[in-house]
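Secondary and tertiary structure notes
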Amino acid sequence: MNLNELTVTQAAEGLRKKEFTSVKLTEACLARINKRNKDINAFITVCDESAISEAKKADEMIARGEARPLTGIPFAVKDAICTADVRSTGSAKILDNYTPPYDATVIKKIRDQGGVLIGKNNCDAFGHGASNENSMYGPVRNPHDLTKVAGGSSGGSAAAVADNMCVYAIAEDTGGSIRYPASFCGVVGMRPSYGRNSRYGIMPMASSLDTVGPMTKTVEDMALVMECIAGSDPLDATTVPDAVPAYHTGIKNEELRMKNLRIGVPREYFEIEGMDEEVRTITDEKIERLKDLGCKIVDVSLPHTKYAIAVYYIIVPSEDSSNLARLDGIRYGVRNTEGRTLYDMYAKSRRFGFPEEVKRRILIGTYALSAGYYDAYYKKAQQVRTLIKKDFDEVFQKVDVLITPTSPFPPFAIGDKVSDPLAMYLADVMVGPAAVAGIPAISVPGGKTKTGLPIGVQIIGARMSEGTVMNIGYWLEKSK
Ligand code: GLN
């Protein structure tokens, strides 16, 4: 096995036992990036030099007996997350030259442990998309089939983990951007509860939905990384003060507990038009495996699910239009110099600096927030959001978690949906509702189509129940 193929758990053990060095592990990842990135396009920036010097420092930490769980392990970061002294474009030309002076809190926590930042991942610009085709640096290709999309918006992170170009990645999920590409690339991705992990330093998309979380090769790795990055942060007032549970030890040794779990199968998710038969079969098989473990399967209903996409695509563009107003080409980022007036300069910087989808969201959001329409759109959407959240609250009185597919269909061809924004929005139908409700959900690989494309299965839990969600994900992953 090549070193870059190791999981976080295996790499940490090998480093601790001095079977190899962090430099060797980092070199193995860089060699893989060198070989594959031109085809897959998972990285916008590769930190070849700084990664090796960080790896040397990590080796010194290990030699001094100061190793922590993520010391010396190469990780990649979505380009919409700020990394100190490493260019962070958000995959949009308006920030093409932006190098943040600080790390996002979650990244700082990893770097303080001696984690090795290997590079920045391509994504849909500022997280807008489900296929990674809205990047101004080109689409990411699915490592399982280069003609297919990697999923979005964190397609680069998913592809990099799936193709062993890094050991794990950190990405952002506002409405599916971790789980969706995880499902398409055959890796594990979790959106934590809103407020579980600090959003400080994440380029904001929709502030009331944005979350940050890991993408990993196994659920055990997910628990390990989550334990390192979670927790309250004085720099993000929306983080919750609850202590971080021992996620890593929590996911194992609990086979017995599975026997008493109630797993809800929400009918609305299985009645979706155009749901692929192979997706349905793989999800059904996983439900059977949970039954074999002794879980009780319960049919449940979340009646307001059908409004989730409409609610999402009003709230998100509205918050987007406000957040993205800061990118004007004046304070930082790329300024267009052809404009003859100040207004012209703003307009041109934004016209050339944002891709079409981002401009579409800004227009929709500005309209939805405008005087006279605010009550009819944004306010109404927030009211229906409460109903969606109430559905989940009620259902979690009856069951411990819910199981659904992550995507209604397998990875689609590059170019298939890019000219039909509505079809692309509908791809979020399984991942959107949990985001609107602010609750945790994990996507774990469920199986593959006959043509070898990965299909993910999603476990959704009540607020702050990441531990349970990962626990079930862990047993699902084991039950092949
Ligand atoms: N498909 C969603 C969107 O385009 C994903 C957003 C996200 O999670 N960043 O809004």
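About the thresholds
Residues numbered from 1 in each chain as written. Predicted model: local features only at pLDDT ≥ 70, side-chain atom pairs only at ≥ 80, totals over all residues. Heavy atoms only, no water. Disulfide = S-S within 2.5 Å. Buried < 20%, exposed > 50% of the residue type's maximum accessible area, 1.4 Å probe, protein only. Near = heavy atom within 4 Å. Polar contact = N/O pair within 3.5 Å; in protein donor to acceptor, adjacent residues only side chain to side chain. Helix = DSSP H or I, 4+ residues; strand = E, 2+ residues; numbered from the N terminus. Nonpolar A, V, L, I, M, F, W, Y, C, P; charged D, E, K, R; others polar. Axes fitted to C-alpha atoms, helices over the stretch in contact; angles between N-to-C directions. Parallel < 35°, antiparallel > 145°, perpendicular 65-115°, else oblique. Left-handed = near helix turned anticlockwise from the far one by under 90°. Contact = heavy atoms within 4.5 Å. Core = buried A, V, L, I, M, F, W, Y, C linked by side-chain atoms within 4.5 Å. Phe/Tyr/Trp six-rings, centres within 6.5 Å; stacked < 30°, edge-to-face > 60°. Lys NZ or Arg CZ within 6 Å of the ring centre and 35° of its normal. Pairing = 2+ DSSP bridges. Salt bridge = Lys/Arg side-chain N within 4 Å of Asp/Glu carboxyl O. Right-handed = clockwise from strand over helix to strand, strands pointing away.

The next subject is the state of the cysteines. In this structure the tally under the stated criterion is zero disulfides. Looking at the unpaired Cys 47, the closest cysteine sulfur is the one in Cys 166, lying at 12 Å. Given a relative accessible area of 6%, Cys 47 falls into the buried group. Distance from the sulfur of Cys 123, which forms no disulfide, to the nearest cysteine sulfur (Cys 82) is 12 Å.

Attention now goes to the site of the ligand. Residues in contact with the ligand amount to 16 residues; listed here are only the nearest, Thr 174, Gly 175, Ser 177, Tyr 312 and Arg 361. Note that a nitrogen atom of the ligand is positioned 2.9 Å from one of the backbone N or O atoms of Gly 127. Taking Tyr 313, its side chain carries an N or O atom lying 3.4 Å from an oxygen atom of the ligand. Mapped by element, the contributors of at least two residues to the shell around the ligand are strand E6 (168–173) and helix H12 (308–323). Tallied by class, residues from the shell around the ligand come to four nonpolar, eight polar and four charged.

For any two helices packed against each other, the geometry is given by the interaxial angle and the distance between the axes. Between helix H7 (residues 219–229) and helix H18 (residues 466–478), whose axes approach to 9 Å, the crossing angle comes to 155 degrees. On the basis of their axis angle, the class for H7 and H18 is roughly antiparallel. Between H7 and H18 lies a crossing whose hand is left-handed. Two secondary-structure elements touch here, H7 through Val 219, Glu 220, Met 222, Ala 223 and Met 226 and H18 through Glu 466, Met 470, Gly 473, Tyr 474 and Glu 477. Considered class by class, the residues forming the contact of H7 with H18 number six nonpolar, one polar and three charged.

Moving on, we come to the nonpolar core. Among the nonpolar cores identified, the biggest contains 123 residues, and Tyr 168, Ile 170, Phe 392, Ile 442 and Met 470 are the most heavily contacted of them. The dominant element in this core, judged by the number of residues it contributes, is H7, at eight residues. In terms of nonpolar packing, the next biggest core, distinct from the first, is built from 15 residues, Ile 94, Met 203, Leu 327 and Ile 362 among them.

Right, let's talk about the packing of aromatic side chains for a bit. Inspection of every chain in the model, using the stated rule, returns 15 aromatic pairs. Between Phe 126 and Phe 354, the aromatic rings sit 6.1 Å apart at their centres with planes inclined by 75 degrees, giving edge-to-face as the arrangement. Linking Phe 126 in the loop between strand E3 (116–121) and strand E4 (141–142) with Phe 354 in the loop between helix H13 (342–353) and helix H14 (356–369), this pair joins segments that are 228 residues apart in sequence. By the burial criterion, Phe 126 is buried, and Phe 354 matches it. Ring centres 5.6 Å apart and planes at 40 degrees place the aromatic pair Tyr 374 and Tyr 378 in the tilted group. Residue classification places Tyr 374 among the partly exposed positions, given a relative accessible area of 36%. Here a set of aromatic residues connected by ring pairs shows up, and it is made of Tyr 180, Phe 184, Phe 409 and Phe 412. Just above the ring of Phe 409 sits the side chain of Lys 417; from NZ or CZ to the centre is 4.3 Å.

Moving residue by residue along a regular strand, the side chains alternate between the two faces of the sheet. Strand E8 (residues 211–216) sits mainly inside the fold: six of its six residues count as buried. As paired strands, strand E7 (residues 188–191) and E8 are joined by two bridges and run antiparallel to one another. Residue Gly 189 lies in a different strand from E8, and its bridge partner there is Met 215.

What follows covers the pattern of salt bridges. All told, the structure shown has 26 salt bridges when counted by the stated rule. A salt bridge links Arg 199 to Asp 236, with the shortest nitrogen-to-oxygen separation between them at 3.5 Å. Here Arg 199 is found in the loop between E7 and E8, whereas its partner Asp 236 is found in the loop between H7 and helix H8 (247–250), with 37 residues between them in sequence. A relative accessible area of 6% means that Asp 236 is categorised as buried. Three or more residues joined by partner-sharing salt bridges are found here, namely Arg 32, Arg 36 and Asp 163.

In terms of burial, strand E2 (residues 74–78) is largely enclosed, as five of its five residues are buried. Across five bridges, the pairing between E2 and E3 is parallel. The residue bridging Ala 76 from the neighbouring strand is Gly 119, located in E3. For the crossover that starts at E2, traverses helix H4 (residues 105–112) and ends in the parallel E3, the hand is right-handed.

Spatially, E1-E3-E2-E6-E8-E7-E12-E13-E11-E9-E10 is the arrangement adopted by the eleven strands of the open sheet, whose pairing is mixed. If you trace the sheet from one side to the other, it starts and ends with strand E1 (43–46) and strand E10 (296–300), each paired once. Strand-to-strand twist of the sheet, defined as the mean angle between neighbouring strand axes without regard to direction, takes the value 30 degrees. Bridge analysis of strand E9 (residues 262–266) against E10 gives five bridges, and the strand direction is parallel. Bridge pairing links Gly 264 to Val 298 in E10.

To continue, consider the side chain of Thr 71. Mapped onto the secondary structure, Thr 71 falls in the loop between helix H3 (48–63) and E2. Accessibility expressed as a relative area gives 3% for Thr 71, which makes it buried. Polar contacts involving the side chain of Thr 71 include one to the main-chain amide nitrogen of Arg 68, which spans 2.7 Å. Apart from residues lying up to four places away in sequence, Thr 71 is in contact with Leu 15, Ala 58, Met 61, Ile 62, Glu 66, Gln 113, Gly 114 and Gly 115.

Within the secondary structure layout, Ser 153 lies in the loop between strand E5 (145–149) and helix H5 (155–162). Overall, Ser 153 belongs to the buried group, its relative accessible area being 0%. Through-space distance from the C-alpha of Ser 153 to that of Tyr 180 is 7.9 Å; in sequence the pair is 27 residues apart. Apart from the residues within four sequence positions on either side, Ser 153 is in contact with Lys 78, Cys 123, Asp 124, Gly 127, His 128, Gly 129, Asn 132, Glu 172, Ser 177 and Pro 181. At a separation of 2.5 Å, a polar atom in the side chain of Ser 153 contacts the side chain of Ser 177.

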